[in-house]
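Overview (structure and organization)
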Amino acid sequence: IVGIGIIAGFLLLIGLFAYYRKDLPNLKDISGNDLGGSNRYYDRSGQVLLWEDFDAVKRVPVKDEEISQYVKDATVAIEDKDFFKHGGFDVRGISRAAINNVTGGGDVQQGGSTITQQLVRLTVKGVDNEQTYQRKIKELILSIELERSYNKQEILAGYLNSAPYGNVQYGVESATRDYFQKSAKDL
(Lines give C-alpha, C1' and ligand atoms only; values in the text may rest on other atoms or scores of the structure.)
Protein backbone atom coordinates (compact mmCIF):
# COMPACT_ATOMS: atom_id res chain seq x y z
CA ILE A 1 0.00 0.00 0.00
CA VAL A 2 2.86 2.38 0.86
CA GLY A 3 4.61 1.54 -2.43
CA ILE A 4 1.45 2.20 -4.44
CA GLY A 5 0.98 5.48 -2.56
CA ILE A 6 4.56 6.56 -3.37
CA ILE A 7 4.16 5.66 -7.04
CA ALA A 8 0.78 7.45 -7.23
CA GLY A 9 2.26 10.53 -5.54
CA PHE A 10 5.21 10.50 -7.95
CA LEU A 11 2.91 10.22 -10.99
CA LEU A 12 0.72 13.02 -9.63
CA LEU A 13 3.80 15.21 -9.19
CA ILE A 14 4.95 14.51 -12.78
CA GLY A 15 1.44 15.28 -14.08
CA LEU A 16 1.31 18.53 -12.11
CA PHE A 17 4.74 19.51 -13.42
CA ALA A 18 3.73 18.77 -17.04
CA TYR A 19 0.41 20.62 -16.68
CA TYR A 20 2.01 23.84 -15.46
CA ARG A 21 5.19 23.62 -17.58
CA LYS A 22 3.37 23.55 -20.93
CA ASP A 23 2.48 27.26 -20.76
CA LEU A 24 5.75 28.58 -19.34
CA PRO A 25 8.43 30.35 -21.38
CA ASN A 26 11.93 29.00 -21.91
CA LEU A 27 14.71 30.42 -19.79
CA LYS A 28 17.05 32.15 -22.21
CA ASP A 29 18.02 35.40 -20.55
CA ILE A 30 18.31 36.12 -16.84
CA SER A 31 20.06 39.46 -17.29
CA GLY A 32 16.87 41.44 -16.71
CA ASN A 33 17.34 43.45 -19.90
CA ASP A 34 13.58 43.49 -20.47
CA LEU A 35 13.19 45.50 -17.26
CA GLY A 36 14.53 48.53 -19.06
CA GLY A 37 17.59 50.51 -18.31
CA SER A 38 19.50 53.66 -18.89
CA ASN A 39 20.53 55.28 -22.12
CA ARG A 40 23.86 57.05 -21.74
CA TYR A 41 25.08 59.86 -23.90
CA TYR A 42 28.84 60.56 -23.99
CA ASP A 43 30.95 63.24 -25.64
CA ARG A 44 33.03 62.45 -28.73
CA SER A 45 35.83 60.95 -26.68
CA GLY A 46 33.44 58.45 -25.13
CA GLN A 47 34.82 59.25 -21.68
CA VAL A 48 32.66 62.12 -20.41
CA LEU A 49 29.05 61.27 -19.59
CA LEU A 50 26.88 64.14 -20.78
CA TRP A 51 23.42 62.87 -19.92
CA GLU A 52 21.63 59.73 -18.77
CA ASP A 53 18.02 58.99 -19.73
CA PHE A 54 15.79 56.66 -17.72
CA ASP A 55 12.47 55.13 -18.70
CA ALA A 56 10.88 54.78 -15.22
CA VAL A 57 13.60 52.24 -14.44
CA LYS A 58 17.08 53.31 -13.48
CA ARG A 59 19.25 50.29 -14.13
CA VAL A 60 22.91 49.85 -15.02
CA PRO A 61 23.80 46.17 -15.46
CA VAL A 62 27.32 45.07 -14.54
CA LYS A 63 29.29 41.84 -14.76
CA ASP A 64 29.64 39.53 -11.78
CA GLU A 65 33.26 40.55 -11.17
CA GLU A 66 32.19 44.22 -10.97
CA ILE A 67 30.07 43.56 -7.87
CA SER A 68 31.68 43.66 -4.43
CA GLN A 69 31.90 40.36 -2.59
CA TYR A 70 30.50 42.18 0.47
CA VAL A 71 27.32 43.00 -1.47
CA LYS A 72 27.00 39.39 -2.60
CA ASP A 73 27.55 38.03 0.90
CA ALA A 74 25.13 40.52 2.48
CA THR A 75 22.45 39.74 -0.11
CA VAL A 76 22.74 35.99 0.44
CA ALA A 77 22.71 36.47 4.24
CA ILE A 78 19.55 38.58 4.18
CA GLU A 79 17.57 37.12 1.27
CA ASP A 80 18.44 33.41 1.23
CA LYS A 81 21.03 32.09 3.68
CA ASP A 82 20.89 28.59 2.13
CA PHE A 83 21.32 29.85 -1.45
CA PHE A 84 24.45 27.79 -2.10
CA LYS A 85 22.92 24.64 -0.56
CA HIS A 86 19.55 24.24 -2.31
CA GLY A 87 18.52 23.49 -5.87
CA GLY A 88 16.35 26.54 -6.51
CA PHE A 89 13.74 26.20 -3.80
CA ASP A 90 13.68 25.84 -0.03
CA VAL A 91 11.28 23.15 1.20
CA ARG A 92 11.36 24.48 4.78
CA GLY A 93 10.67 28.06 3.63
CA ILE A 94 7.79 27.02 1.39
CA SER A 95 6.33 24.78 4.12
CA ARG A 96 6.63 27.53 6.75
CA ALA A 97 4.99 30.07 4.41
CA ALA A 98 2.18 27.66 3.51
CA ILE A 99 1.43 26.88 7.17
CA ASN A 100 1.49 30.57 8.15
CA ASN A 101 -0.70 31.54 5.19
CA VAL A 102 -3.28 28.83 5.94
CA THR A 103 -3.36 29.32 9.72
CA GLY A 104 -3.03 33.11 9.60
CA GLY A 105 0.17 32.92 11.64
CA GLY A 106 1.60 36.11 10.17
CA ASP A 107 0.47 39.65 9.49
CA VAL A 108 1.14 39.32 5.74
CA GLN A 109 1.20 36.46 3.29
CA GLN A 110 4.57 34.78 3.07
CA GLY A 111 6.15 33.32 -0.02
CA GLY A 112 9.18 31.35 1.09
CA SER A 113 11.01 32.54 -2.03
CA THR A 114 14.67 31.89 -2.65
CA ILE A 115 16.96 34.20 -4.62
CA THR A 116 16.44 31.91 -7.62
CA GLN A 117 12.65 32.16 -7.34
CA GLN A 118 12.85 35.94 -6.98
CA LEU A 119 15.05 36.13 -10.09
CA VAL A 120 12.45 34.11 -12.01
CA ARG A 121 9.70 36.48 -10.87
CA LEU A 122 11.77 39.53 -11.85
CA THR A 123 13.03 38.42 -15.26
CA VAL A 124 10.72 35.81 -16.81
CA LYS A 125 7.62 36.91 -18.64
CA GLY A 126 4.66 34.61 -18.08
CA VAL A 127 5.03 34.51 -14.29
CA ASP A 128 2.62 37.09 -12.95
CA ASN A 129 2.98 38.80 -9.58
CA GLU A 130 -0.34 37.67 -8.14
CA GLN A 131 -0.18 35.91 -4.79
CA THR A 132 -1.51 32.54 -5.96
CA TYR A 133 -0.47 28.96 -5.49
CA GLN A 134 -0.40 28.50 -9.28
CA ARG A 135 2.20 31.27 -9.56
CA LYS A 136 4.32 29.60 -6.86
CA ILE A 137 4.17 26.29 -8.73
CA LYS A 138 5.25 27.97 -11.98
CA GLU A 139 7.99 29.82 -10.12
CA LEU A 140 9.17 26.57 -8.57
CA ILE A 141 9.33 24.78 -11.94
CA LEU A 142 11.26 27.60 -13.57
CA SER A 143 13.59 27.88 -10.56
CA ILE A 144 14.56 24.23 -10.90
CA GLU A 145 15.22 24.73 -14.60
CA LEU A 146 17.20 27.90 -13.89
CA GLU A 147 19.40 26.05 -11.40
CA ARG A 148 20.05 23.36 -14.01
CA SER A 149 20.94 25.91 -16.71
CA TYR A 150 23.09 28.42 -14.78
CA ASN A 151 25.60 28.24 -11.95
CA LYS A 152 25.03 29.94 -8.58
CA GLN A 153 27.31 32.92 -9.38
CA GLU A 154 25.42 33.64 -12.61
CA ILE A 155 22.08 33.44 -10.79
CA LEU A 156 23.29 35.75 -8.01
CA ALA A 157 24.68 38.27 -10.53
CA GLY A 158 21.40 38.16 -12.47
CA TYR A 159 19.46 38.80 -9.27
CA LEU A 160 21.73 41.66 -8.20
CA ASN A 161 21.34 43.28 -11.62
CA SER A 162 17.52 42.95 -11.56
CA ALA A 163 16.44 43.46 -7.94
CA PRO A 164 14.52 46.62 -7.02
CA TYR A 165 16.36 48.84 -4.53
CA GLY A 166 13.72 51.50 -4.02
CA ASN A 167 12.22 54.30 -6.09
CA VAL A 168 13.31 53.72 -9.71
CA GLN A 169 16.59 51.97 -8.81
CA TYR A 170 16.86 48.46 -10.20
CA GLY A 171 20.11 46.59 -9.87
CA VAL A 172 22.96 47.05 -7.48
CA GLU A 173 25.06 49.36 -9.68
CA SER A 174 22.33 51.97 -10.05
CA ALA A 175 21.50 51.80 -6.34
CA THR A 176 25.09 52.13 -5.12
CA ARG A 177 25.72 55.05 -7.47
CA ASP A 178 22.69 56.97 -6.26
CA TYR A 179 22.76 56.09 -2.57
CA PHE A 180 26.51 55.96 -1.90
CA GLN A 181 28.07 57.68 -4.95
CA LYS A 182 30.21 54.58 -5.53
CA SER A 183 30.38 51.76 -7.99
CA ALA A 184 29.08 48.35 -6.92
CA LYS A 185 32.64 46.97 -6.96
CA ASP A 186 33.77 49.60 -4.41
CA LEU A 187 30.94 49.18 -1.94
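Look above for the structure.
**A word on the overall build of the chain**
Secondary structure summary: the chain contains 7 helices and 4 strands in total. Along the chain, helices (α) and strands (β) appear in the sequence α-β-β-β-α-α-α-α-α-β-α when read from the amino end. Relative to its full complement of 187 residues, the chain shows a buried share of 36%. Considering only residue pairs separated by 6 or more positions, the chain has 60% of its internal contacts joining residues 24 or more positions apart. In the structure as shown, the chain presents an accessible area of about 11500 Å², 57% of it carried by carbon and sulfur atoms.

**Observations concerning a nonpolar patch on the surface**
A cluster of nonpolar side chains, Ile7, Phe10, Leu11 and Ile14, forms an exposed patch at the surface whose accessible area comes to about 410 Å². Structurally, Leu11 is set in helix H1 (residues 2-21).

**Some words on unusual backbone geometry**
Of note in this structure, Gln181 is not a glycine but carries a positive phi near 55 degrees. Here Gln181 is to be found in the segment after helix H7 (172-180).

**Focus: the side chain of Lys152**
The residue Lys152 is located in helix H6 (residues 152-162) in this model. In terms of polar contacts, Lys152 uses its side chain to reach the backbone carbonyl oxygen of His86, at 2.8 Å. Among residues more than four places away in sequence, those in contact with Lys152 are Phe83, Phe84, His86, Gly88 and Glu147.

**Some details on the pattern of salt bridges**
Under the definition given, this model contains 7 salt bridges. A salt bridge links Asp82 to Lys85; the nearest nitrogen and oxygen atoms lie 3.9 Å apart. One salt bridge in this structure joins Glu147 and Lys152, with 3.0 Å as the shortest N-O distance. In this structure Glu147 comes out as buried when scored by relative accessible area, which is 15%. Each of Lys81, Asp82 and Lys85 takes part in one network of salt bridges that share partners.

**A few points about helix H5 (residues 133-149)**
Along its 17 residues, H5 runs 24 Å from first to last C-alpha, staying within 8% of the 24 Å computed at 1.5 Å per residue. Within the sequence span of H5, burial applies to Arg135, Lys136, Glu139, Ile141, Leu142, Ser143, Glu145, Leu146 and Glu147. Packing partners of the buried residues in H5 comprise H1, helix H4 (115-123) and H6.

**Considering the packing of H4 against H5**
At their nearest, the axes of H4 and H5 sit 9 Å apart, and the two run at 110 degrees to each other. One element, H4, and the other, H5, form an angle in the roughly perpendicular class. The residues of H5 that touch H4, namely those facing Thr116, Gln117, Leu119, Val120 and Arg121, are Arg135, Lys136, Glu139, Leu140, Leu142, Ser143, Leu146 and Glu147. Partitioned by chemical class, the residues of the contact of H4 with H5 number 5 nonpolar, 3 polar and 5 charged.

**Quick notes on the packing of aromatic side chains**
Counted under the stated rule, the structure contains 1 aromatic pair. Between Phe83 and Phe84 the ring centres are 4.9 Å apart and the planes differ by 75 degrees, which places this aromatic pair in the edge-to-face class.

What counts and how
Residues numbered from 1 in each chain as written. Predicted model: local features only at pLDDT ≥ 70, side-chain atom pairs only at ≥ 80, totals over all residues. Heavy atoms only, no water. Helix = DSSP H or I, 4+ residues; strand = E, 2+ residues; numbered from the N terminus. Buried < 20%, exposed > 50% of the residue type's maximum accessible area, 1.4 Å probe, protein only. Contact = heavy atoms within 4.5 Å. Areas by Shrake-Rupley, 256 points an atom, 1.4 Å probe, with all protein chains shown as cover. Patch = residues over 30% accessible without salt bridge, like charges linked within 9 Å, V, L, I, M, F, W, Y side chains within 5 Å. Salt bridge = Lys/Arg side-chain N within 4 Å of Asp/Glu carboxyl O. Polar contact = N/O pair within 3.5 Å; in protein donor to acceptor, adjacent residues only side chain to side chain. Expected span 1.5 Å × (residues − 1). Axes fitted to C-alpha atoms, helices over the stretch in contact; angles between N-to-C directions. Parallel < 35°, antiparallel > 145°, perpendicular 65-115°, else oblique. Nonpolar A, V, L, I, M, F, W, Y, C, P; charged D, E, K, R; others polar. Phe/Tyr/Trp six-rings, centres within 6.5 Å; stacked < 30°, edge-to-face > 60°.

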